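A structural walkthrough
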Amino acid sequence: MTERHLQPLLHDLVGVVLAPTSALGDAAGQIRPTGVQGVFHADARVLSRAELRVDGREPEALTRGAAGPHGARFVGLARWLGDPGPDPTVRVERTRHLHPGGLTEEVRLVSTASEPVRATVDVDLACDLAPIEVVKSGGATAPVAAEVGAAGGLTWSGDGVTVHLSAEGAEVRADRAEAPALRWPVELPPRGTATLRWRLTVSDPRAVVANPAAERSWADPRVRADDRRLTRLLDRSLADLRGLRLADPDAPQDVFVGAGVPWFLTLFGRDSLWAARMMLPLGTDLAAGTLRVLARRQGTRLDPATGEAPGKILHELRRHEFALAGEGLRLPPAYYGTVDATMLWVCLLHDAWRWGLPADQVAPLLPHLEAALGWLADHADADGDGLIEYVDTTGHGLSNQGWKDSGDAVRFRDGRLATAPIVLAEVQGYAYEAAINGAALLDAFGRPGADRWRAYADRLAERFRATFWVDGPYGPQPALALDRDKRPVDSLTSNIGHLLGTGLLAATEEAQVARLLTTDAMTGGFGLRTMSTDDTGFSPLSYHCGSIWTHDTAIVLAGLARAGFRQAALGLADGLLAAAEAFDYRLPELYGGDDRSLLGRPVPYPAACHPQAWSAAAAVLLLQAATGVYPDVPAGTVHLAPLAGADLGAVSAAGLRVAGRPVTVAIDRAGAASVTGLPAGFQLTGPAVSAPIPVPRSAVADATSDVS
């Protein structure tokens, strides 16, 4: 029987993150030498065991909670100690905090006993320096031998990484170098407390990402909402995003967000771009950093081994080759195997400009814009049929290169897998949008070529309309994709929701897509299913064929809201908020697509990243849809089309950023909107505004006194 390499489950683990460092342990606070538990730093596991015992016994777990944005606290009981009787009198409190390049843990023994308490506290340790891809594939690892320093500290080293652990007042037991331990004798007087500490630091000069020096990369809005789930989700999500912030070691001022804990805590083109795009209501700094980091790594040559091509935007960046045992997947350290990141880069640059990214920051990126558009024309359409396709020519890269990148993601309605080259529906929408947005930027900055890209977009729309629409169980629908023989892959999926707002669809086509996405087969769970329950390939715990992805639901929700499909958008918003409540407001990467009636709460996807960048940033996109703020700073306008009102309730947000200025938006329960803080001369338009209203200069002073 062939041995299976199983990815370890992590849905019930407790994680803390201060990128590029993260820690995952169980609900009791233990870090056990199993699965994906451990402390990770920049794609290496730098501590694989930290098990606490008191008198040789594990404390009984009682509860846990957050300890600041980058920490966790665990409370347990040592019921064999202290006064006899039913009430416990000795608590064990364990607090874990991440700091740049390491971790500190504090253990407090708290006694309410009437007599003295004596105990011995041990922490068993191990370090395997396992690469993240070995952990992800369920591969076996072995501890690295520790070196004991003169002062009693422990050091592990290998592959350019050095890990040092020190402990105040502890005896270091290193008789087994692969499994050393810390030991403290503890004596507590009646009602006394003892505090024990140990600290882990990592030196990793070869890391390809770093912790940012800057404290913040976006505004921290003050949000009030009748539906308190929205404010709780936003608070938790922004705290998680602060932990996911990363910087380029060669340009530490440029901040972006890593994709997610634990597998993807590095630069990912698609994920980092989408997260930055969702975060634009809080300022353009994160977008600017993300754009510049990716522009520096933009492709310059044709290289089939890495997928690089002139003008193409990177997919992911690693320290070394990323190889998953048993899957045949081997990705080079700098891998370009993505079909959509290049268009998303163009769209982020355009949207950041619309939100107010200064011209002196846009202008240096225009050569990269032209190179990205050049890739679209010269390399994205290999067979010259006017559509964008992908195929892995190496045999060991990603077989699917859209956001649904698992090997079985592209299926016909009857469950058959499509054969590459694949032409994805949403990618054509991204390409259309990038061409139109790129043309607008070229015109605005006096550069040639805009008419070429508008003509490109027109041809693409005609070609899409002629080849993608098929008959489905709910009427006409865009296919998920075209296969190698240009046959429509006729399953009904969430991908088509990404077409909303790109401009590729006519108004009647958008209305039909909205109808398709609001069938119970798509929205019967806590959000938008990735595949309809009517399709043979549907499975609620399939990674891309039936599960619900937080960011996917939010993107489609936002598209529905902006296109005016209010009730459809509100239905998805309710699904996300209900899921957020069930997951303690840390929405994971994805969760099960089971019907709501099954358990009354979403089923976890057991290997989902959490926290995860575009899942956390989805909270900001939901806030934008609720307030309905859509600025065009170069044109001096803000369009208002809020979801908030009778169904969602009142919402106000102070500290949003338009043109770099703090803006306050308030929507009452009747849907009436007010905006203060806009630059002088701006006009408000939209259904929440009876007529275009110029913003008086005095409104600026009135509003800025109320926001930070």
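Report on the accompanying structure. (Residues numbered from 1 in each chain as written. Predicted model: local features only at pLDDT ≥ 70, side-chain atom pairs only at ≥ 80, totals over all residues. Heavy atoms only, no water.)

Helix and strand counts for the protein come out as 15 helices and 37 strands. Radius of gyration (C-alpha) of the protein: 26 Å, near the 27 Å computed for a compact globule of 708 residues. With 708 residues in all, the protein has 60% of them scored as buried. For the protein, the share of sequence-separated contacts (at least 6 apart) that also reach a separation of at least 24 residues comes to 63%. Looking at the protein as shown, the accessible area adds up to about 26000 Å², and 50% of this sits on carbon and sulfur atoms. Side chains of the protein carry 66 positive and 82 negative charges; the gap between the two charge centres is 3 Å. (Helix = DSSP H or I, 4+ residues; strand = E, 2+ residues; numbered from the N terminus. Rg over C-alpha atoms; globule rule 2.2 N^0.38 Å. Buried < 20%, exposed > 50% of the residue type's maximum accessible area, 1.4 Å probe, protein only. Contact = heavy atoms within 4.5 Å. Areas by Shrake-Rupley, 256 points an atom, 1.4 Å probe, with all protein chains shown as cover. Lys, Arg positive; Asp, Glu negative; His and termini not counted. Charge placed at Lys NZ, Arg CZ, Asp CG, Glu CD.)

Throughout the structure, instances matching the rule amount to 54 salt bridges. For the salt bridge of R32 with E51, the shortest nitrogen-to-oxygen distance reads 3.1 Å. Of this pair, R32 sits in the loop between β2 (21–25) and β3 (38–41) while E51 is found in strand β5 (residues 49–54), placing the two residues 19 residues apart along the sequence. When its relative accessible area of 22% is taken as the criterion, R32 is described as partly exposed. Taking the relative accessible area as the measure of exposure, E51 reaches 6% and is therefore buried. The partner of R277 in a salt bridge is E433, and the shortest N-O contact between them spans 2.9 Å. Taken together, the residues span a long stretch of sequence, with R277 in helix α3 (residues 269–278) and E433 in helix α8 (residues 425–444) at a distance of 156 residues. The burial state of R277 is the same as that of E433; both residues are buried. Counted as one network, the salt bridges with shared partners bring together D26, R32, R49, E51, R53, E58 and D124. (Salt bridge = Lys/Arg side-chain N within 4 Å of Asp/Glu carboxyl O.)

With that out of the way, let us pick up the side chain of E389. By the secondary structure assignment, E389 is in the loop between α7 (366–378) and β24 (423–424). Residue E389 is classed as buried on the basis of its relative accessible area of 10%. Reaching out from E389, the side chain makes a polar contact with the backbone nitrogen of A382 at a distance of 2.6 Å. Among all residues touching E389, those that are not within four sequence positions of it are V339, A380, D381, A382, D383, P421, I422, V423 and K486. (Polar contact = N/O pair within 3.5 Å; in protein donor to acceptor, adjacent residues only side chain to side chain.)

Below, the discussion takes up the pairing of strand β17 (residues 222–225). Burial of β17 is one-sided: the residues V223 and A225 facing one way are buried, the residues R222 and R224 facing the other way are not. In this sheet, strand β33 (residues 651–658) lies alongside β17 in antiparallel orientation, the contact comprising four bridges. Pairing of A225 across the sheet is with V651, part of β33. (Pairing = 2+ DSSP bridges.)

The next subject is unusual backbone geometry. Residues A420 and P421 are joined by a peptide bond in cis, for which omega reads 5°. Residue position: P421 is located in the loop between α7 and β24. We note that D43 has phi near 75°; this positive angle belongs to a residue other than glycine. Structurally, the position occupied by D43 is in the loop between β3 and β4 (44–47). A positive phi angle, near 65°, is found at K486, a position not held by glycine.

This part covers the nonpolar core. Counting residues in hydrophobic clusters, the biggest one holds 169 residues, and the most contacted among them are W345, L376 and V410. A total of twelve residues in this core trace back to one element, the largest contributor, which is helix α14 (residues 613–627). Beyond its immediate sequence surroundings of up to four residues, L376 is in contact with M343, I388, A431, W453 and Y456. With 45 residues, the next largest nonpolar core counts V117, V123, V186 and A194 among its residues. (Core = buried A, V, L, I, M, F, W, Y, C linked by side-chain atoms within 4.5 Å.)

Mapping D204 onto the fold places it in the loop between β16 (193–203) and β17. A relative accessible area of 11% places D204 in the buried class. Within the structure, D204 has its side chain in polar contact with the side chain of R319 (distance 2.4 Å). Other than its neighbours up to four places away in sequence, D204 contacts H41, A42, G160, V161 and R319.

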